[in-house]
Amino acid sequence: MEELFATIKNNGGVIFTFIALCGIFVEISPIKINPLSSLIRWVGNYFNAKTRYQLTLMSSQLNDISVRIDMLEINDMRSKILDFSNSCMNERKHTREEFDHIIDLHNQYEKTIESKGTKNGRVDLAFSYISDLYTKCLNENSFLDSRSNL
């Protein structure tokens, strides 16, 4: 027994080093401290910090581009509706298909501005005029004949 204590006393540094190395490389499940996992996690976070920052930056830029595309789409639909209304006010005749297209475009426009939380003001009056004219053309059957455009 005394020999065992003497061996431990003389080789205590080596035994402590062996136990420490085993603690680093061997993870025991009931013990909540996992030094190897913590070390690997820390190294991974250190090396991935720049990548995470760039990913966050790219995500922000992508959101900005998406907002700009949405605004361009809204403005394009608004312009088409207003242009159609203006041509109707200048007494240019249109086919039923052209009216149907503008009505569908207006429905899409309304859904888009509602989903984006944007307000509408100018298109309402123009579309009201288009709707009234569409109703009048339906009642009188006075659409431009699509065959006459050929």
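Residues numbered from 1 in each chain as written. Predicted model: local features only at pLDDT ≥ 70, side-chain atom pairs only at ≥ 80, totals over all residues. Heavy atoms only, no water.

Asker: Can you explain the overall build of the chain? Please cite residues and give values.
Answerer: The helix and strand tally for the chain stands at five helices and zero strands. The N-to-C order of helical and strand elements in the chain reads α-α-α-α-α. Within the span of the chain, comprising 150 residues, buried residues form 18% of the whole. Sequence-distant contacts in the chain: of pairs separated by 6 or more residues, those separated by 24 or more amount to 65%. (Helix = DSSP H or I, 4+ residues; strand = E, 2+ residues; numbered from the N terminus. Buried < 20%, exposed > 50% of the residue type's maximum accessible area, 1.4 Å probe, protein only. Contact = heavy atoms within 4.5 Å.)

Asker: If you had to explain the layout of surface pockets to someone new, which residues and values would you point to?
Answerer: When its volume is computed, the largest pocket comes out at roughly 190 Å³. Around the largest pocket, the lining comprises 13 residues; the ones closest to its centre are R92, K93, L133, C137 and S142. Tallying contributions element by element places helix α5 (residues 122–140) first for the lining of the largest pocket, with four residues. Looking at the lining of the largest pocket residue by residue, the classes come out as seven nonpolar, two polar and four charged. (1 Å grid on protein atoms, 1.4 Å probe; cavity = no way out; pocket = protein on both sides within 12 Å on 5 of 7 lines; lining within 4 Å. Points joined across faces, edges and corners; volume = space filled by probe spheres on them. Nonpolar A, V, L, I, M, F, W, Y, C, P; charged D, E, K, R; others polar.)

Asker: Kindly report on the nonpolar core, identifying the contributing residues and their values.
Answerer: In terms of nonpolar packing, the biggest core is built from 17 residues, with I81, F84, F99, Y109 and I130 touching the most fellow members. Excluding residues that lie within four positions of it along the chain, F84 makes contacts with H94, E98, F99, I102 and I130. (Core = buried A, V, L, I, M, F, W, Y, C linked by side-chain atoms within 4.5 Å.)

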